[in-house]
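# Coordinate inspection notes
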Amino acid sequence: MRTRFESVYLLLLSIIAVLWSTGLLAQARPRPVIVFVNGWQDCCAWNFSTIGNEVAETASNLNMIFRRTSWDSFESESLETGIGTLSGTSIFVNQGIQFFNSLPYGTDVYLIGHSWGGDSLLDLVSTYNDPRINIRLLAVIDPVSSAGMRASLSKHTVGNHVEYFHNIWQLNAPFPDDFDEDGTISCNAYSSCDQRENNFRRNADGTNLTENCTWAEFGCQGRVENPLEAKPGWKLQRTTHQDLLDDDYVAHHIATIITELAGHRHAQELTVLSQSFLAMFGRSPSIGEKDFINSRLAAGISQEGILAIFQRTKNFFASLNGNSPSPAEFLWFNFNIGTRSETLLSTIISSALANSPVFVGDVTDNFGELYGSFNSEYVPLGGAGWRSCPNNSTLAGEESTPSGFWTCLNNLYSNRNIVIGDVEQNVASEYIINKQYKVAYGSTSWNHCQVGTFSFRKMDPDGFWVCLSEPLPSSPEAIIGDVRNNIGYRYVVSGSKGLLLDTSSWNSCPSGYSYIGNSMSVDGFWLCVRNDLSNRRFIVGDVVNNTGFAFQLYNGSATGMGSLGWNSCPTGALVGNDYHSNGFWICKGDIVYTGPDAYIGDVRFNTGYLYSVSNGSVGFAGTAGWNYCPAGYQLVGTNFHSNGFWLCARPDFVNSAFFVGDVTNNSGPAYKVQSYSATYWGGFSWNSCPFGYLIGTYMDSNGFWICRQ
């Protein structure tokens, strides 16, 4: 029988075994440490210097501990104590040794110092030679020894327990006082002794910075003495003792050394783990998966811990669908498992497969990964062949290039536009898709939705985002054929946004729509409007290369209106637009009336004779009963008499004032007719118009004339 102690001990062993297999318990490599040391009077390495900022950022990116000290105290964030150089250096060295001895065995250490800080580090490294830590880098920037002299640095020798020694100095100006002395230090570093003058300021890429000369300086490049074209010329910018800390090239170079040394530490382990990955998953790790492995190594996870991560991932997808995970599935699972259970992740994948409105096949180097969404987050659904769509969806459109995409639309969300932003090497290109019709909108910014609302995204240098529009309206007010490079893309326009319908040939209009005009060019358009709107004027702003040219359209003709700003409607109201550098906008104007201005019922001996009146002409339209108006016309006034009249006006003239001369037996009593009444104004001679202008005359002893305001 087991003792109680044995039972507890075996239970603890089983718990540890489970934690190890899940990767939750893994041997951790000590976090690397960067120590950055200031010079005399706390100058000037930490305080907003270029090199200080870049080294701090590098430490953060590589998960390193970043420690800043003064030259005479190794305490973190310490300031200069103000004691003498010999005492200060001694204190620094003693505290540094204590700090090194407190570090876990095998810690990688990177040391950087400026001026007296560089000298203090040289003293410390010469004194400390314990193999418990790895001094990967010793970098000194214009180091200065006691009494402000460079020559006394000759006392130092960098030993072979340092991997990389980097030393730069300038010969331009004091400080140090003997600034023209060579700064080379005896070096036995086992990997590299990288020492050099750095007399000129440079950009991060190594190109020189220049500045203008004064006229007192001779020999400058580009100097011109000719008074008509006088120029003093230019010269290279020289460094000083402090300038070295703000030199972009120096900062970038030291950050690169740290990054490369840290990466070299993991290179051999990555090779071994990549071979294990291949054996377990039947394929080599992708670039993203290698980055993940490197990040785990940088976080201090051992090889055994990372192998446990591999096994956990394999087990999850084997139980889910019996497949080995694709690169996207591997990364998604491992980035989410820290905050979500395996049961929840399985539910998320199932929900995305069933309910995602849009599916995206994202292609990189001819390999396609299918994605759906869950709560606006992307969910990888495995590797897939071109145009592969889940059973509940239909292929919507594609960009068939080695780094293109395809889209599938859930059958519950049919008749919608998809906007997809396809990102390649951080450059985003936007497309609108409808039923395999596609319009490329060119470069854009992340998450831009030309139409519709944001759905989900995969935020990655080679990622994507998706937006989904509302359903295409069943009876839009207008359909525009937007021609670009001689290809006509038809958009339905109703409710502010134009939605892609299809591609078509010039001037084609679907059933129920009337063609009302075009601008015939390689970047022109044509417009179709719903039949009930065909009696209206429309304005189209055709935008080409961000310049909008407006046209007024009616009854098959288009009249240019010149250049106008976006969504300008000189008359009427905005119907919708495609807001883009090569888009359009549409305004719906007033109704165009084409019939006579008015009809008059001229009553003689109680018989009504109907006449049309317009533009100086009069036409007999038959007999009619009192107050009868032809279709589309409205009664505006009546003189109810056996020899009277009634007047009907076109809708656009209903509110106008008319003047009617009602001639009976060659006598012309006249009336002002407006607002359903006729007011007697007395006798007038033929064709008199006290206001307005004459629109028609029936010259007869029992005739009439009509004026309109």
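In what follows, the structure referred to is the one given above.
How each quantity is defined
- Residues numbered from 1 in each chain as written.
- Predicted model: local features only at pLDDT ≥ 70, side-chain atom pairs only at ≥ 80, totals over all residues.
- Heavy atoms only, no water.
- Helix = DSSP H or I, 4+ residues; strand = E, 2+ residues; numbered from the N terminus.
- Rg over C-alpha atoms; globule rule 2.2 N^0.38 Å.
- Buried < 20%, exposed > 50% of the residue type's maximum accessible area, 1.4 Å probe, protein only.
- Areas by Shrake-Rupley, 256 points an atom, 1.4 Å probe, with all protein chains shown as cover.
- Lys, Arg positive; Asp, Glu negative; His and termini not counted.
- Charge placed at Lys NZ, Arg CZ, Asp CG, Glu CD.
- Salt bridge = Lys/Arg side-chain N within 4 Å of Asp/Glu carboxyl O.
- Pairing = 2+ DSSP bridges.
- Axes fitted to C-alpha atoms, helices over the stretch in contact; angles between N-to-C directions.
- Contact = heavy atoms within 4.5 Å.
- Disulfide = S-S within 2.5 Å.
- Expected span 1.5 Å × (residues − 1).
- Parallel < 35°, antiparallel > 145°, perpendicular 65-115°, else oblique.
- Left-handed = near helix turned anticlockwise from the far one by under 90°.
- Nonpolar A, V, L, I, M, F, W, Y, C, P; charged D, E, K, R; others polar.
- Core = buried A, V, L, I, M, F, W, Y, C linked by side-chain atoms within 4.5 Å.
- Phe/Tyr/Trp six-rings, centres within 6.5 Å; stacked < 30°, edge-to-face > 60°.

Helix and strand counts for the protein come out as nine helices and 40 strands. Since a compact globule built from 709 residues should have a radius of gyration of about 27 Å, the 43 Å found for the protein marks it as more spread out than a globular shape. Taken over the C-alpha atoms alone, the protein extends approximately 135 × 100 × 45 Å along its principal axes. Out of the 709 residues in the protein, the part that is buried amounts to 46%. Working note: accessible area of the protein is about 32,300 Å², and carbon and sulfur atoms make up 51% of it. Computed over 41 positive and 62 negative side-chain charges, the inter-centroid distance for the protein is 8 Å.

This next bit is on the pattern of salt bridges. Following the criterion strictly, the structure yields 22 salt bridges and no others. Among the ionic pairs, Asp 590 bridges to Arg 537, the shortest N-O distance being 3.3 Å. Taken together, the positions of Asp 590 in strand S30 (residues 584-591) and Arg 537 in strand S26 (residues 536-544) put the pair 53 residues apart, joining distant regions of the chain. Classification of Arg 537 as partly exposed rests on a relative accessible area of 29%. In this structure, Arg 708 and Asp 597 form a salt bridge, with 3.3 Å as the shortest nitrogen-oxygen distance. You can see Arg 708 sitting in strand S40 (residues 704-708) and its partner Asp 597 sitting in the loop between S30 and strand S31 (598-604), a full 111 residues away along the chain. Arg 708 gets classed as buried once you look at its relative accessible area, which sits at 7%. For Asp 597, a relative accessible area of 5% puts it in the buried group. Overlapping salt bridges bring together Asp 108, Arg 136 and Glu 163 as one network.

On to the sheet that holds strand S13 (residues 377-384), then. The antiparallel open sheet is built from five strands, whose spatial order is S13-S12-S11-S15-S14. The sheet is open, and its two edges are formed by S13 and strand S14 (393-399), each paired on a single side. With strand direction ignored, the average angle separating the axes of adjacent strands in the sheet is 25°. Relative to strand S15 (residues 405-410), S14 is paired through six bridges, and the arrangement is antiparallel. Opposite Ser 393, over in S15, you have Asn 410 as the bridge partner. The strands that helix H8 (residues 327-336) touches are strand S12 (367-374) and S13; relative to S13, the one it contacts most, it runs at about 145°. Together, strand S11 (358-364), S12, S13 and S15 form the strand contacts of helix H9 (residues 342-355), whose direction differs from that of S13 by roughly 80°.

Overall, the coordinates contain eight disulfides when judged by the stated rule. A disulfide bridge connects Cys 389 with Cys 408, and the sulfur atoms are separated by 2.0 Å. With the S-S dihedral at roughly -80°, the linkage between Cys 389 and Cys 408 falls on the left-handed side. One end of the pair, Cys 389, is in the loop between S13 and S14; the other, Cys 408, is in strand S15, and 19 residues separate them in sequence.

Attention now moves to helix H4 (residues 116-127). Its twelve residues give H4 an end-to-end C-alpha distance of 17 Å, which sits within 8% of 16 Å, the value for a rise of 1.5 Å per residue. With ten of its twelve residues buried, H4 lies for the most part within the structure. Buried within H4 are the following residues: Trp 116, Gly 117, Gly 118, Asp 119, Ser 120, Leu 121, Leu 122, Asp 123, Leu 124 and Val 125.

Another point: the sheet that holds strand S36 (residues 658-662). The five strands lie next to each other as S38-S37-S36-S40-S39, forming an open sheet whose pairing is antiparallel. Here the strands that pair on one side only, and so sit at the sheet edges, are strand S38 (677-683) and strand S39 (693-698). Neighbour-to-neighbour, the strand axes of this sheet turn through a mean angle of 20°, independent of strand direction.

With that settled, the discussion passes to the packing of helix H6 (residues 287-298) against H8. It is at 9 Å that the axes of H6 and H8 come closest, and there the two elements cross at 30°. Taken together, the axis directions place H6 and H8 in an arrangement best described as roughly parallel. Considering how the two elements wind past one another, H6 and H8 form a crossing that is left-handed. Judged by residue contacts, Gly 288, Glu 289 and Phe 292 of H6 engage Pro 327, Phe 330, Leu 331, Asn 334 and Phe 335 from H8. Within the contact of H6 with H8, the residues separate by chemical class into five nonpolar, two polar and one charged.

Helices that pack against each other are described as a pair by the angle of their axes relative to one another and the distance between those axes. In the contact formed by helix H7 (residues 303-321) and H8, the axes pass within 11 Å of each other and the chain directions differ by 110°. If you check the angle between H7 and H8, you find them roughly perpendicular. Between H7 and H8, the residues in contact are Ile 309, Phe 310, Arg 312, Thr 313, Phe 316, Phe 317 and Asn 321 and Glu 329, Phe 330, Phe 333 and Asn 334, respectively. Counted by class, the contact of H7 with H8 contains six nonpolar, three polar and two charged residues.

A few words now on the nonpolar core. Ranked by internal contacts, the top residues of the largest apolar core, which has 35 residues, are Ile 480, Tyr 491, Leu 527 and Ile 586. In contact with Tyr 491, other than residues within four places in its own chain, are Val 439, Tyr 441, Ala 478, Ile 479, Ile 480, Asp 482, Gly 498, Leu 499, Leu 500, Leu 501, Asp 578 and Phe 584.

Within the structure shown, the criterion is met by 44 aromatic pairs. Ring geometry for Phe 277 against Phe 330: centres 5.4 Å apart, planes inclined by 65°, an arrangement best described as edge-to-face. Here the residue Phe 277 occupies a position in helix H5 (residues 248-281), and Phe 330 occupies one in helix H8, the gap between them amounting to 53 residues. The exposure class of Phe 277 is buried, given its relative accessible area of 0%. Residue classification places Phe 330 among the buried positions, given a relative accessible area of 0%.

Here S12 runs beside S13; their pairing, made up of six bridges, is antiparallel. Looking at the pairing, Gly 372 lines up with Val 379 of S13.

Assignment of secondary structure puts Ser 145 in the loop between strand S4 (133-141) and strand S5 (157-158). Linking Ser 145 and Cys 569, residues 424 residues apart in sequence, is a C-alpha distance of 77 Å. Residues within four places of Ser 145 in sequence aside, it is in contact with Trp 116, Asp 119, Ser 152, Leu 153 and Lys 155.

What follows deals with the pairing of S12. Counting buried positions over the eight residues of S12 gives six, a clear majority of the element. The pairing of S11 with S12 spans five bridges and is classified as antiparallel. When the sheet's bridge partners are listed, Val 363 is paired in S12 with Gly 368. With antiparallel pairing between neighbouring strands as the criterion, S11 and S12 make up a hairpin whose turn holds two residues, including Asp 365 at a positive phi of roughly 50°. Between S12 and S13, which follow one another and run antiparallel, lie two residues, and Asn 375 among them has a positive phi close to 50°.

Here the bond from Pro 174 into Phe 175 is cis, since omega is 10°, no more than 30 degrees from zero. Counting through the fold element by element, Phe 175 comes out in the loop between strand S6 (162-169) and strand S7 (186-187). Looking along the chain, the bond that leaves Phe 175 and enters Pro 176 is cis, with omega of 0°. Its place among the elements puts Pro 176 in the loop between S6 and S7. A positive phi angle is found at Asn 63, which is not glycine, with a value near 55°.

Let us now look at H7. Counted at 1.5 Å a residue, the expected span for H7 with its 19 residues is 27 Å, and the 27 Å between its end C-alpha atoms agrees. Every buried residue of H7 is listed here: Gly 305, Ile 306, Ala 308, Ile 309, Phe 310, Arg 312, Thr 313, Phe 316 and Phe 317. Positive phi appears at Gly 322, one or two residues downstream of H7, with a value of about 75°.

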